[in-house]
Amino acid sequence: MLETNGLVLLVDDSEDDALLIQRAFGRSKSNPAIQWITNGNDATLYMCGHRQYSDRTRYPLPSLVLLDLKLPVKNGFEVLRWLRSYSAFAPIPIIVLSDCSDPRIIRRAYELGANSFLRKPQTEELRRQVVELLREYWFGMNVTAPAEPLEKSSI
């Protein structure tokens, strides 16, 4: 199982969406720590522990990634492709949260290694339900191996 209060890496450039998801997690039973990143490039820097994210005590590897697809600098597809290119990150579930309902976009996300694709919840009640289901399944039922930090030489 995932660490019950493991870190959730939220990658979304919308401050409103990020705050609403953080609020929903804050009201959940487990209330995991949330690290919010606003662009795809910073998401990759975070995951490999580079630059401002080099302190793994302060910026630990996440137990779960919530990834928007429409991001500045590197889009969500690029982040997903990059994450899934390293076996060290294979155990980390990546959940795409998107407003998109285009079947081609959804298929592409799965082809690149998304574990799940969810529509962004538009109401407080739906956000609460999504957060509780994420918590129950990914933190309560899913079994995974711990992720390993990347060796600096492998990047």
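Attention here is on the structure that accompanies the text. (Residues numbered from 1 in each chain as written. Predicted model: local features only at pLDDT ≥ 70, side-chain atom pairs only at ≥ 80, totals over all residues. Heavy atoms only, no water.)

### With respect to the overall build of the chain
And step 1. When you go through the chain residue by residue, the secondary structure sums to five helices and five strands.
And step 2. For the chain, the succession of helices and strands along the chain, N to C, is β-α-β-α-β-α-β-α-β-α.
And step 3. Its C-alpha atoms give the chain a radius of gyration of 14 Å, near enough to 15 Å, the size a compact globule of 155 residues would have.
And step 4. Counting only C-alpha atoms and orienting by the principal axes, one finds that the chain spans roughly 45 × 35 × 30 Å.
And step 5. Taking all 155 residues of the chain together, 47% fall into the buried category.
And step 6. Sequence-distant contacts in the chain: of pairs separated by 6 or more residues, those separated by 24 or more amount to 68%.
And step 7. On the chain, roughly 8100 Å² of surface is accessible, and the fraction owed to carbon and sulfur atoms is 50%. (Helix = DSSP H or I, 4+ residues; strand = E, 2+ residues; numbered from the N terminus. Rg over C-alpha atoms; globule rule 2.2 N^0.38 Å. Buried < 20%, exposed > 50% of the residue type's maximum accessible area, 1.4 Å probe, protein only. Contact = heavy atoms within 4.5 Å. Areas by Shrake-Rupley, 256 points an atom, 1.4 Å probe, with all protein chains shown as cover.)

### Digging into the pairing of strand E5 (residues 116-119)
And step 1. Pairing analysis gives four bridges linking strand E4 (residues 94-98) to E5, with the strands arranged parallel. Across the sheet, Leu97 pairs through a bridge with Leu118, a residue of E5.
And step 2. In this fold, E4 hands off to helix H4 (residues 103-111), which returns the chain to E5; that crossover is right-handed. (Pairing = 2+ DSSP bridges. Right-handed = clockwise from strand over helix to strand, strands pointing away.)

### Considering the packing of helix H3 (residues 76-84) against H4
And step 1. Their axes nearest at 9 Å, the elements H3 and H4 cross at an angle of 20 degrees. With respect to H4, the axis of H3 lies roughly parallel. Where H3 abuts H4, its residues Phe77, Leu80 and Arg81 lie against Ile105, Arg108 and Ala109.
And step 2. Looking at the contact of H3 with H4 residue by residue, the class counts come to four nonpolar, no polar and two charged. (Axes fitted to C-alpha atoms, helices over the stretch in contact; angles between N-to-C directions. Parallel < 35°, antiparallel > 145°, perpendicular 65-115°, else oblique. Nonpolar A, V, L, I, M, F, W, Y, C, P; charged D, E, K, R; others polar.)

### A few points about the sheet that holds E4
And step 1. Taken in spatial order, the five strands line up as E2-E1-E3-E4-E5 in an open sheet, and their pairing is parallel. Two strands in the sheet have a free side with no partner beyond their single neighbour: strand E2 (34-37) and E5. Sheet twist, expressed as the average angle between the axes of neighbouring strands with direction ignored, equals 20 degrees.
And step 2. Where strand E1 (residues 8-11) meets E2, four bridges bridge the pair, whose relative direction is parallel. Looking at E2, one finds that Val8 is bridged to Ile34.
And step 3. Strand contacts of H3: strand E3 (64-67) and E4, with the helix running at about 175 degrees to E4, the strand carrying the most contacts.

### Comments concerning the pattern of salt bridges
And step 1. Tallied over the entire structure, the rule returns nine salt bridges.
And step 2. Note that Asp17 and Lys120 form a salt bridge whose closest N and O atoms lie 2.8 Å from each other. Here the residue Asp17 occupies a position in helix H1 (residues 15-26), and Lys120 occupies one in the loop between E5 and helix H5 (124-141), the gap between them amounting to 103 residues.
And step 3. If you follow the salt bridges from partner to partner, you end up with Asp12, Asp17, Asp68 and Lys120 in one network. (Salt bridge = Lys/Arg side-chain N within 4 Å of Asp/Glu carboxyl O.)

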